[in-house]
Structures are given as structure tokens and as C-alpha cells.
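Breakdown of the fold
So you can see what is in the structure, the chains are spelled out below.
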Amino acid sequence: MAHARFDDRVAVVTGAGRGLGREYALLLARLGAKVVVNDPGGALTGEGDDAGPAQQVVDEITAAGGDAVASTESVATAVGGQAIIGAATRHYGRIDVLIHNAGIVRRAPLTEMTAEDFDAVLDVHLRGAFHVVRAAFPVMCQAGYGRVVLTSSIGGVYGNHAVANYAAAKAGITGLSNVVALEGAEHGVRCNVIVPAAVTRMAEGLDTSAYPPMGADLVAPVVGWLAHESCSITGEILTAIAGRVARIVVVESAGVYQPAWTVDAVGARIDEIRDISNPLVFPVVPDGHGAHIGHSFAMAKGTQ
Ligand code: NAD
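Small disclaimer: the values here were computed from a predicted structure and weren't measured.

1. Quick word on the site of the ligand
Surveying the vicinity of the ligand reveals 29 residues, the closest of which are Asp39, Asn101, Tyr166, Thr200 and Arg201. Side-chain polar atom of Asp39 to an oxygen atom of the ligand: 2.5 Å apart, as the coordinates give it. Contacts to the ligand include Tyr166, whose side-chain N or O atom sits 2.6 Å from an oxygen atom. Across the complex, the protein chains shield 94% of the 820 Å² of accessible surface that the ligand would expose by itself.

This is the structure:
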């Protein structure tokens, strides 16, 4: 079987100076892609900047015979998003792959989290995703081809302590991805979410001594497939952690219909309402929104 290649493809990877993003950039470049390595190089909390990390990844790629260019703009503004995507179109004349991976962390329990810390994290993860997608999406639609991978987190799916900002941003990413998938479907643009886990600087302060092998190299091939033309899915969520690759879905119970409800009736039937022994999954594309409404209306009309 032929190995997947990215020859003639142009990829933008945000936050590619370190950690997971660096691994994605190196993999795609190794497989023939021209890569925009975006990273302003700041601290884990987002403060400061350093052109070094992005340039080092570019140097590594070019030393191995690949083609890459550094971009040190921040994803956190619309101007930054335009500049990052502009680096791809200016240098390489196109953009085929967008991987939004940039991230920062500002931990604090809800009782102590400041509005500034909430906004700073949303600015990079969620608004950052919008800024780069907003700049890349019309170019991809015009070309009739695109692969977008946005980054969520276990915390965005299940929550975690002391990261209300991060969890909210990462959950929002899924909502954005779903709309990119829906609006991109007729233009050959596919969009999916990766829920990665790897020991990077984001694990600083955690005791990882009992972890199984959990390098970024165990995540990168999954993102590589989502970024490849052979990717056959859109509007989905894949997770990759310590060698386990899985799909994450939103599940609904079949539901219970009554023509009228009281608080007591909800309480009396809560076990039936919550019963997911026959789970329903409404795929985002072509029309999960319509399928949800259709199922509900069918129950109301007695046709379900
Ligand atoms: P990392 O800190 O090693 O890398 C993140 C990179 O993003 C850094 O190099 C940083 O400079 C860059 N960045 C920060 N702000 C930016 C901005 N405004 N514009 C562009 N780049 C910016 O962390 P990582 O673990 O490699 O995380 C990568 C992504 O994966 C993040 O979105 C993170 O939330 C997500 N994630 C990681 C894990 C994990 O286990 N490591 C788990 C869940 C989700």
C-alpha cells in the first residue's frame, strides 16, 4: 500500500514551535507538505514572546530537506489570523491544511479566576480558532478543497478542576468545528476535532511518573490522517492518548414523550429520560440539527 503523502499541499500549524504542534509540523513536512510554522513563542500562560521555537522547527524541517516558513504572529487577534494564513498564500500560493493547535493555560479555581484569565485563554484557543478559520475558510472554499483540524481537550469534553476558562474554550471549539464541517461540506472542506493528550510542557507540575508512554508522536499520525486528502470524515471528534485512538460522540437517550409535563412528572420518569441503553447519535453532517428536531417531532406526532 502507498504511504500517505502531502506533496504539493500547504499546511498551517498554529502553536507549532513546541509540543504537539511541533510534532505535527515535522510529520507533515516529512511527508512532503510545505508548512507554515506559527508560534509567537510565549510562556505557558501566554506572556512574552520568542521567535526561537518557530525558527528552530523551520530549521529542523529545512535541514531534513523539507520546506517551511516561520510565522510569529499571535492567533489571538483577527489581524494575527489573517497574517498567519497570509504567510501560506504569500509564500506558497495556497492553503490546503489548517491545524489550529495553539494553546495556553491559566489555572485557577472558579472562586479565584479573573475575567482577564478567562479572556486570555478564550482568546488563544477559541477566538484564535475563529481567527485562523475565518481567514483560511474562504480560500479553501474557493479552491474546492480543505482539511481543518481544531484542538479540543479531555477538559473540554468532561471538564476538570481549576480550568473553567480552558474547558469552556475547548468545548466551544467543537461547536465551531461542527459549523465549519456543515458549511464546508459542499466545497470539499472537511473539519474535525482532535482531543489529544501527550506529555508536553502543559504537563508541568503534574506527577507523570506512573504514565505509560505518552509522547506527541502517538498523536501526530491521527492528526496527519485528519489533515490528509484520504480523511473520510467530517464534523467528528477523535481522541489520541497513550496509544489509544477513539471516537468521541454526543449521545442522546431515545427520550420520553408526553403532551404535557409537570415537575413531578419529570421526577417520576427521570430514569427513563436518562436511559441511554439505546443511544441515539445524530451525525453533524449532513444534518444532525435537523435529525434531532425530526426525531423529537416524530415522537410528538406519534410517528416514532
Ligand atoms: P505547548 O505549550 O507545548 O505548545 C503550545 C504552543 O502554542 C506553544 O509553543 C505556544 O507558544 C503556542 N502558542 C501560545 N499562544 C499562542 C498564540 N497566541 N498564537 C500562536 N501560538 C501560540 O502545549 P501542547 O501540549 O503541545 O498543546 C498543544 C495543544 O493541544 C493545545 O491547544 C492544548 O490545549 C491541546 N491539548 C494538549 C494536551 C496535552 O496533554 N498536552 C491535552 C489536551 C489538549
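2. Overview of the packing of helix H1 (residues 19–30) against helix H2 (residues 52–63)
One can describe the packing of H1 onto H2 by two numbers: an axis separation of 10 Å at closest approach and a directional angle of 20°. Our classification of the angle between H1 and H2 gives roughly parallel. The handedness of the crossing between H1 and H2 comes out as right-handed. Contacts between H1 and H2 pair Arg22, Ala25, Leu26 and Ala29 from the former with Val57, Glu60 and Ile61 from the latter. Classifying every residue of the contact of H1 with H2 by side-chain character gives five nonpolar, no polar and two charged.

3. Considering the domain arrangement of the chain
Once the domains are mapped, the chain shows domain 1 (10–248) and domain 2 (263–301). Listed by partner, the interface residues are seven residues for domain 1 and four residues for domain 2. Of all residues in domain 1, Leu182, Thr234 and Arg247 bury the most surface against domain 2, accounting for 63% of the area lost on that side. The tally of links from domain 1 across to domain 2 stands at zero salt bridges. The biggest single contributor to the side of domain 1 that touches domain 2 is helix H6 (residues 164–184), with three residues. Class assignment of the residues belonging to the side of domain 1 that touches domain 2 gives a composition of three nonpolar, three polar and one charged.

4. With respect to the environment of Gly19
Along the polypeptide, Gly19 turns up in helix H1. Given a relative accessible area of 30%, Gly19 falls into the partly exposed group. Distance from Gly19 to Asp217, taken between C-alpha atoms, is 9.7 Å for residues 198 residues apart in sequence. Apart from residues lying up to four places away in sequence, Gly19 is in contact with Thr200 and Ala216.

5. Thoughts on the pairing of strand E1 (residues 10–14)
For E1, a buried count of five out of five residues is recorded, marking the element as mostly surrounded by other parts of the structure. Where burial is concerned, the two faces of E1 agree: the one with Val10, Val12 and Thr14 and the one with Ala11 and Val13 are both buried. Read as a crossover between parallel neighbours, the route from E1 over H1 to strand E2 (residues 34–38) is right-handed.

6. Quick word on the pattern of salt bridges
For the structure on display, the rule yields 10 salt bridges. As a salt-bridge pair, Asp117 and Arg106 come within 3.0 Å of each other at their nearest N and O atoms. In this pair, Asp117 sits in helix H4 (residues 115–143) while Arg106 sits in the loop between strand E4 (97–100) and H4, placing the two residues 11 residues apart along the sequence. With a shortest N-O distance of 2.8 Å, Asp123 and Arg127 are connected by a salt bridge. Residue Asp123 and its partner Arg127 are both found in helix H4; the two are separated by four residues, about one turn of the helix. The class for Asp123 is partly exposed, based on a relative accessible area of 25%. Residue Arg127 is classed as partly exposed on the basis of its relative accessible area of 34%. Here the salt bridges share partners, and the residues they tie into one network are Arg9, Arg94, Asp96 and Glu229.

Conventions used here
- Residues numbered from 1 in each chain as written.
- Predicted model: local features only at pLDDT ≥ 70, side-chain atom pairs only at ≥ 80, totals over all residues.
- Heavy atoms only, no water.
- Near = heavy atom within 4 Å.
- Polar contact = N/O pair within 3.5 Å; in protein donor to acceptor, adjacent residues only side chain to side chain.
- Areas by Shrake-Rupley, 256 points an atom, 1.4 Å probe, with all protein chains shown as cover.
- Axes fitted to C-alpha atoms, helices over the stretch in contact; angles between N-to-C directions.
- Helix = DSSP H or I, 4+ residues; strand = E, 2+ residues; numbered from the N terminus.
- Parallel < 35°, antiparallel > 145°, perpendicular 65-115°, else oblique.
- Left-handed = near helix turned anticlockwise from the far one by under 90°.
- Contact = heavy atoms within 4.5 Å.
- Nonpolar A, V, L, I, M, F, W, Y, C, P; charged D, E, K, R; others polar.
- Domains from an automatic or database assignment.
- Buried area = accessible area lost by both parts, 1.4 Å probe.
- Salt bridge = Lys/Arg side-chain N within 4 Å of Asp/Glu carboxyl O.
- Buried < 20%, exposed > 50% of the residue type's maximum accessible area, 1.4 Å probe, protein only.
- Right-handed = clockwise from strand over helix to strand, strands pointing away.

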